[in-house]
Amino acid sequence: MTFSAVVVAAGSGTRAGPGQAKQWRDLAGKPVLRWSVEALLAAGAADLVIVTDPTMQDILGETLAGLHGWRFAPGGATRALSVQSGLAALAHRPVDEPVLVHDAARPFLTKAVVDGVLAGLETADGVVPALPVADTLKYVGKRGGESGATTTSRDGLWRAQTPQAFRRDRLLTAYAAWNGQTEPTDDAQVVEADGGKVAISAGDPLLTKLTYPEDFAMAERLAGAARITRIGQGFDAHRWGPGESVWLCGVEIAHDETLIGHSDADAGLHALTDAILGAIGDGDIGDHFPPTDRQWKGAASDKFLIHAVDLVRRRGGRLINVDVTLICERPKIKPHREAMRARLAQILDLPLDRVSVKATTTEKMGFTGRGEGLAAQAVATVETPL
Ligand code: MG
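Treat the numbers as computed from the prediction; the structure is a model and nothing was measured. (Residues numbered from 1 in each chain as written. Predicted model: local features only at pLDDT ≥ 70, side-chain atom pairs only at ≥ 80, totals over all residues. Heavy atoms only, no water.)

**Q** Would you mind showing me how to read the overall build of the protein here?
**A** Helix and strand content of the protein: 12 helices and 19 strands. By the compact-globule yardstick of 21 Å for 386 residues, the protein is too spread out, its C-alpha radius of gyration being 27 Å. Principal-axis analysis of the C-alpha atoms gives the protein an extent of 95 × 45 × 35 Å. Residues counted as buried form 48% of the 386 residues belonging to the protein. Of all intrachain contacts in the protein linking residues separated by at least 6 positions in sequence, the fraction that spans at least 24 positions is 71%. Accessible surface, the protein: about 18300 Å² in total, of which carbon and sulfur atoms supply 53%. For the protein, the distance from the average position of its 41 positive side-chain charges to the average position of its 47 negative side-chain charges is 3 Å. (Helix = DSSP H or I, 4+ residues; strand = E, 2+ residues; numbered from the N terminus. Rg over C-alpha atoms; globule rule 2.2 N^0.38 Å. Buried < 20%, exposed > 50% of the residue type's maximum accessible area, 1.4 Å probe, protein only. Contact = heavy atoms within 4.5 Å. Areas by Shrake-Rupley, 256 points an atom, 1.4 Å probe, with all protein chains shown as cover. Lys, Arg positive; Asp, Glu negative; His and termini not counted. Charge placed at Lys NZ, Arg CZ, Asp CG, Glu CD.)

What follows is the structure, given as structure tokens:
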């Protein structure tokens with residue numbers, strides 16, 4: 001089912017402690033908002049609007065770098081106005097298309113929850129993922145003249161989460177009818193008030209909203225449990241031929257020969273590209289950039305590497321470290337190693353200490369030893385969602 005989504009990220013989130021508002025805060029290596037957006041894109045959102053303070057637009061761009069299929073809408077003075085701003089930004093979509101409204105501060109959204117709320121829309125005007133209340137509830141305050149804690153029934157009580165699903169025209173109608181005297185705490189409340197039927201679908205304990213500073217400590221531990229580390233390795237070799245310079249790990253080195261190949265023949269970058277593709281199980285460099293395709297003739301191999309890193313990011317993953325070994329008798333690699341590391345760190349957007357370039361000879365043995373060609377090996381470590 002096609003659906004669009006509005007992510008509300010306009011709050012100042014003062015309860016989460018000093019510093020940045022919670023949606024911008026780092027959670028296990030990436031901002032909370034990015035977790036939410038990646039989850040919605042991975043679940044199939046055809047159009048995604050992020051509602052935030054207009055002054056945060058630059059930071060929004062940085063936060064979501066490399067992700068496609070999202071747009072910005074300006075936040076309003078209240079959550080309800082922000083949601084309506086997000087809905088207005090979807091005006092070009094079919095008017096009765098399902099729209100999911102999600103709080104940015106619930107980062108651990110799964111496709112199962114999204115599928116659940118969408119399925120529920122078949123028979124309801126709004127669907128809320130929710131969990132039954134498990135703890136005994138206490139009312140603290142005056143009751144019957146005595147003040148103190150008294151037990152309150154939890155029968156029929158549920159904890160509402162997001163994303164909440166609606167047909168966009170139904171939600172717009174409900175907001176138009178909202179009296180505006182009070183601030184709704186979620187969108188389902190607005191549809192209820194307009195006489196709509198709201199249903200419950202299966203919530204997820206991991207979909208908890210990050211509200212207080214201590215929530216982040218728990219979320220860090222959950223984030224670690226929800227991700228895996230993968231390793232990929234790559235190998236490449238190119239033949240020496242007549243020339244005046246050679247490209248290795250994105251650096252051009254003056255040399256009395258060059259490496260022959262369809263692209264710039266940078267074996268270091270090719271091996272590394274294959275290592276990254278290997279870590280995410282996405283084929284090899286030849287699958288993505290066929291040598292029969294003329295557009296790659298003489299191409300700078302940075303493009304291949306950038307593409308592989310982009311594929312990692314689109315899966316909600318990130319590169320952890322890379323290690324490249326160049327195997328040749330000549331040219332001497334050592335004088336160029338630091339330039340190569342710096343160039344790789346720049347292309348990969350990694351700190352320098354997570355990028356290694358090494359070199360070895362094969363003591364005159366084999367094709368590299370005889371000076372027929374140069375070989376390169378690479379290993380890449382990648383972290384992705386489970
Ligand atoms: Mg190659």
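**Q** Quick question: what am I supposed to make of the nonpolar core here?
**A** Inside soluble globular proteins, nonpolar side chains tend to come together where they are buried. In terms of nonpolar packing, the biggest core is built from 41 residues, with Ile276, Leu344 and Leu348 touching the most fellow members. Breaking this core down by element, the ones donating at least two residues are strand S14 (245–248), strand S15 (251–254), helix H8 (267–279), helix H10 (302–314), strand S17 (318–327), helix H11 (337–348), strand S18 (355–360) and strand S19 (373–385). Top element by residues in this core is H8. It accounts for 8 residues. Leave out the neighbours within four places in its chain, and Leu348 touches Leu272, Ile276, Leu305, Val309, Arg313, Leu319 and Val322. Phe3, Ala9, Ala43 and Val117 belong to the second-largest nonpolar core, a separate cluster that totals 31 residues. (Core = buried A, V, L, I, M, F, W, Y, C linked by side-chain atoms within 4.5 Å.)

**Q** So what exactly am I meant to see when it comes to the environment of Met340 here?
**A** Its place among the elements puts Met340 in helix H11. Note: C-alpha distance between Met340 and Leu172 (168 residues apart in sequence) is 55 Å. Beyond its immediate chain neighbours, meaning those up to four positions away, Met340 contacts Leu248, Cys249, Val251, Ile253, Leu326, Ile333 and Val357.

**Q** So what exactly am I meant to see when it comes to the coordination of the magnesium ion here?
**A** Reference values for coordination geometry: four tetrahedral donors around a metal ideally subtend 109.5 degrees, six octahedral donors ideally subtend 90 or 180 degrees. Protein coordination at the magnesium ion comes from Asp236 (OD), His238 (NE2) and His270 (ND1), with a distance range of 2.1 to 2.2 Å. The sequence pattern describing where the donors of the magnesium ion fall on their chain is D-x1-H-x31-H. Of the two residues, His238 is situated in strand S13 (residues 227–242) and His270 in helix H8; the sequence distance between them amounts to 32 residues. Assigned by exposure class, His238 and His270 land together as buried. (Donors = N, O, S within 2.8 Å, 3.2 Å for Na, K, Ca; no water.)

**Q** Is there a simple way to think about the pairing of strand S5 (residues 70–74) in this case?
**A** Side-chain direction in a regular strand flips from residue to residue, so the side chains alternate between the two faces of the sheet. The pairing of strand S4 (residues 47–52) with S5 spans 5 bridges and is parallel. Bridge pairing in S5 places Val51 opposite Ala73. Regarding the hand of the β-α-β motif, the stretch spanning S4, helix H2 (residues 57–63) and S5 is right-handed. (Pairing = 2+ DSSP bridges. Right-handed = clockwise from strand over helix to strand, strands pointing away.)

**Q** Just checking my understanding: could you explain the state of the cysteines for this structure?
**A** Per the stated rule, a full pass over the model turns up 0 disulfides. Free cysteine: Cys249, not disulfide-bonded; nearest cysteine sulfur from Cys328 at 10 Å. A relative accessible area of 4% places Cys328 in the buried class. (Disulfide = S-S within 2.5 Å.)

**Q** Please clarify how the packing of helix H3 (residues 79–88) against helix H5 (residues 168–177) should be interpreted in this entry.
**A** Helix-helix packing: each pair is described by the crossing angle between the helix axes and the interaxial distance. At a minimum axis separation of 11 Å, H3 and H5 run at an interaxial angle of 140 degrees. Relative to H5, the element H3 is oriented oblique. Like other packed secondary-structure pairs, H3 and H5 cross with a definite hand, here left-handed. Together, Arg79, Ala80, Val83, Gln84 and Leu87 of H3 and Arg168, Leu171, Leu172 and Tyr175 of H5 make up the contact between the two elements. By residue class, the composition of the contact of H3 with H5 is 6 nonpolar, 1 polar and 2 charged. (Axes fitted to C-alpha atoms, helices over the stretch in contact; angles between N-to-C directions. Parallel < 35°, antiparallel > 145°, perpendicular 65-115°, else oblique. Left-handed = near helix turned anticlockwise from the far one by under 90°. Nonpolar A, V, L, I, M, F, W, Y, C, P; charged D, E, K, R; others polar.)

**Q** Honestly, the pattern of salt bridges in this entry has me stumped. Any pointers?
**A** Opposite charge on two side chains lets them pair, provided their charged atoms get close. Taken as a whole, this structure holds 18 salt bridges when the rule is applied. A salt bridge links Arg330 to Asp256, with the shortest nitrogen-to-oxygen separation between them at 2.9 Å. Of this pair, Arg330 sits in the loop between S17 and H11 while Asp256 sits in the loop between S15 and strand S16 (257–260), and the two are 74 residues apart along the sequence. With a relative accessible area of 44%, Arg330 lands in the partly exposed category. With a shortest N-O distance of 2.8 Å, Lys358 and Asp323 are connected by a salt bridge. Here Lys358, found in strand S18, pairs with Asp323, found in strand S17; they are 35 residues apart in sequence, far enough to count as distant. (Salt bridge = Lys/Arg side-chain N within 4 Å of Asp/Glu carboxyl O.)

**Q** I'm lost on the domain arrangement of the protein in this one. Help?
**A** Frequently, the measure chosen for interface size is the accessible area removed from exposure when the parts meet. Segmenting the protein into domains produces domain 1 (4–225) and domain 2 (227–385). For domain 1 and domain 2, the distance between their C-alpha centres works out to 43 Å. Listed by partner, the interface residues are 12 residues for domain 1 and 6 residues for domain 2. Summed over both sides, the interface between domain 1 and domain 2 buries roughly 610 Å², with carbon and sulfur atoms accounting for 42% of that surface. Considered class by class, the residues forming the side of domain 1 that touches domain 2 number 5 nonpolar, 4 polar and 3 charged. (Domains from an automatic or database assignment. Buried area = accessible area lost by both parts, 1.4 Å probe.)

**Q** What exactly am I supposed to notice about the packing of aromatic side chains here?
**A** Working definition: an aromatic ring pair is given by the centre-to-centre distance plus the angle between the planes. Inspection of every chain in the model, using the stated rule, returns 2 aromatic pairs. With a centroid separation of 5.3 Å and 90 degrees between ring planes, the pair formed by Trp35 and Phe108 is classed as edge-to-face. Of this pair, Trp35 sits in helix H1 (residues 32–42) while Phe108 sits in the loop between strand S6 (98–103) and helix H4 (111–120); the two residues are 73 residues apart in sequence, bridging distant segments of the chain. The exposure classification of Trp35 matches that of Phe108, with both residues buried. Here Phe289 and Phe304 contribute two aromatic rings whose centre-to-centre distance is 4.5 Å and whose plane-to-plane angle is 40 degrees, an arrangement assigned as tilted. (Phe/Tyr/Trp six-rings, centres within 6.5 Å; stacked < 30°, edge-to-face > 60°.)

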